Amino acid sequence: MAIEGKSDSHNAGRIRLGMVGGGRDAFIGGVHRIASRIDDRFELVAGAFSSTPEKSQASAADLGVAADRAYGDYVEMAKREARLKNGIEAVSIVTPNHLHYPIAREFLKRGIHVICDKPLTSTLPDARKLVKAVEASEALFILTHNYTGYPMARQAREMVASGLLGDIRLVQAEYPQDWLTEDEQNKQAQWRTDPDQAGAGCIGDIGVHAYNLACFMSGQKLEELSADMHSFVDGRRVDDNCHVMLRWQGGAKGMLWSSQVAPGNENALKVRIYGTKGGLEFAQENPNQLWFTPFGEPKRLITRGGNGSGEAAGRVSRIPPGHPEGYLEGFANVYSEAAEAIQAKRSGGEIASDVVFPTVYDGLDGVTFIDACLRSSKRNAAWVKLT
Ligand SMILES: NC(=O)c1ccc[n+]([C@@H]2O[C@H](COP(=O)([O-])OP(=O)(O)OC[C@H]3O[C@@H](n4cnc5c(N)ncnc54)[C@H](O)[C@@H]3O)[C@@H](O)[C@H]2O)c1
């Protein structure tokens with residue numbers, strides 16, 4: 001397989017990037033900063049890194065962002081950056097879920113591209129409003145469902161779409177973790193277990209990743225679901241374990257398990273897809289591998305860049321097979337797809353057809369899934385349609 005991969009030829013005119021959230025002690029903001037720089041197509045120049053101005057200033061100093069581009073408030077940041085000659089062209093939103101919509105709205109209405117983390121929003125009404133805000137804006141919206149950036153997830157999607165699996169019968173997904181097995185009081189746990197900030201518990205935090213990746217790889221759309229959600233830890237106000245049965249449009253079936261109370265599981269996201277002609281199995285903790293079994297034949301291990309690895313994987317690979325690429329490179333692929341799209345917009349050109357990134361509609365689908373799980377579980381796991 002040829003690794004077309006990433007070259008340095010795109011780097012002229014880095015995209016001026018801002019960030020909301022991601023200050024000192026935050027988790028995913030740092031990942032976004034690394035991901036934005038792996039292919040050297042973005043430059044962080046401004047931010048409202050924290051809800052307190054002092055911490056935002058301190059974080060800016062840590063990151064080498066000029067003091068006059070460090071804001072105590074994201075509305076002030078959006079207004080001033082939109083007026084500056086060399087203001088930001090894009091903003092990354094890496095705050096707790098309930099802030100995604102109000103923050104995105106401020107930047108979108110000023111024509112600033114938004115790269116936002118999942119879930120799209122903490123409520124379905126906010127998700128619908130955010131779709132409208134994107135549709136009313138000239139700016140792009142990219143959702144960092146980062147697992148779609150893995151070369152072997154792209155490979156799986158290409159194999160399913162080409163018909164190698166035949167008609168799809170089963171799509172199984174799971175994302176168990178163990179870090180919330182007991183009451184946990186760190187910064188990340190605090191807002192995640194508050195329904196007003198998070199929207200839902202593990203289904204919104206990680207179940208939605210499993211759902212998104214299952215849809216991305218299989219090309220399936222969900223028709224209805226039955227969800228049994230539970231909170232095992234005393235006093236916890238959001239779900240920490242969810243079993244969801246799935247009926248896909250077109251007749252395929254599946255199950256989705258999401259848990260944050262399963263000791264021994266770190267980030268055990270898996271998607272398995274079975275059709276009339278064969279099956280695929282992908283585990284994100286071994287992201288350079290994809291198992292393919294043509295029915296009646298021995299299982300085959302396809303490795304990133306190895307024999308059988310195709311164009312879709314090659315496009316988003318950087319180094320030869322056997323040298324692992326992982327979480328950060330997969331995340332970087334979402335950023336680099338965003339860069340392709342933003343630079344095409346900048347030069348008035350078309351976005352190339354092979355550029356793939358999760359959109360606001362994928363985000364709406366994810367929040368619709370979460371909302372349907374909550375509705376179903378309240379009714380003792382009744383079957384509900386995705387509306
Ligand atoms: N894609 C992934 O794999 C992935 C992984 C982890 C988290 N996430 C998502 O990223 C988001 C952040 O999660 P996290 O774990 O980094 O949380 P975190 O608590 O570590 O960080 C949140 C940051 O937002 C800041 N913040 C809060 N209110 C703010 C405001 N009004 N203005 C500016 N900054 C503000 C906090 O100060 C903090 O810096 C969540 O939506 C989460 O679902 C995605």
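Definitions and cut-offs
- Residues numbered from 1 in each chain as written.
- Predicted model: local features only at pLDDT ≥ 70, side-chain atom pairs only at ≥ 80, totals over all residues.
- Heavy atoms only, no water.
- Pairing = 2+ DSSP bridges.
- Helix = DSSP H or I, 4+ residues; strand = E, 2+ residues; numbered from the N terminus.
- Contact = heavy atoms within 4.5 Å.
- Axes fitted to C-alpha atoms, helices over the stretch in contact; angles between N-to-C directions.
- Salt bridge = Lys/Arg side-chain N within 4 Å of Asp/Glu carboxyl O.
- Buried < 20%, exposed > 50% of the residue type's maximum accessible area, 1.4 Å probe, protein only.

Enquirer: Quick question: what am I supposed to make of the sheet that holds strand β12 (residues 289-294) here?
Expert: Through backbone hydrogen bonds, the strands of a sheet pair up, either in parallel or in antiparallel fashion. Pairing in this open sheet of 9 strands is mixed, and the strands run β13-β12-β11-β10-β6-β9-β8-β7-β14 from one edge to the other. The strands lining the two open edges of the sheet, one partner per strand, are β13 (300-303) and β14 (384-385). Its contacts with the sheet put helix α9 (residues 202-218) on β6 (168-176), β7 (222-230), β8 (241-248), β9 (253-259), β10 (270-275) and β11 (278-283), and the angle it makes with β9 is roughly 150°. Sitting on the sheet, helix α12 (residues 360-378) is in contact with β7, β8, β9 and β14, with an inclination near 60° to β7.

Enquirer: Could you clarify how one ought to interpret the sheet that holds strand β1 (residues 15-21) in this entry?
Expert: An order of β2-β1-β3-β4-β5 is seen for the 5 strands of this open sheet, with the pairing classed as parallel. Of all the strands in the sheet, just β2 (42-48) and β5 (141-143) have a single pairing partner and so form its edges. Between one strand axis and the next, the sheet turns by 25° as a mean value, whatever way the strands run. Pairing of strand β4 (residues 113-116) with β5 involves 3 bridges; the strand directions are parallel. Bridge pairing in β5 links Ile115 to Ile142.

Enquirer: Could you clarify how one ought to interpret the pattern of salt bridges in this entry?
Expert: Pairing between side chains becomes possible if they bear opposite charge and their charged atoms approach one another. The final tally for this structure, using the stated rule, is 27 salt bridges. For Asp62, the salt bridge is made with Arg24, and the minimal N-O distance between the two is 2.7 Å. Of this pair, Asp62 sits in helix α2 (residues 53-63) while Arg24 sits in the loop between β1 and α1 (28-38); the two residues are 38 residues apart in sequence, bridging distant segments of the chain. Exposure remark for Asp62: the relative accessible area of 49% places this residue in the partly exposed category. By relative accessible area, which is 40% here, Arg24 ends up partly exposed. A salt bridge links Lys55 to Asp25; the shortest N-O distance between them is 3.3 Å. Of this pair, Lys55 sits in helix α2 while Asp25 is found in the loop between β1 and α1, placing the two residues 30 residues apart along the sequence. On the basis of relative accessibility, which here comes to 58%, the residue Asp25 falls in the exposed class. Bridged by salt links that share partners, the residues Asp39, Arg304, Arg318 and Glu325 form one connected network.

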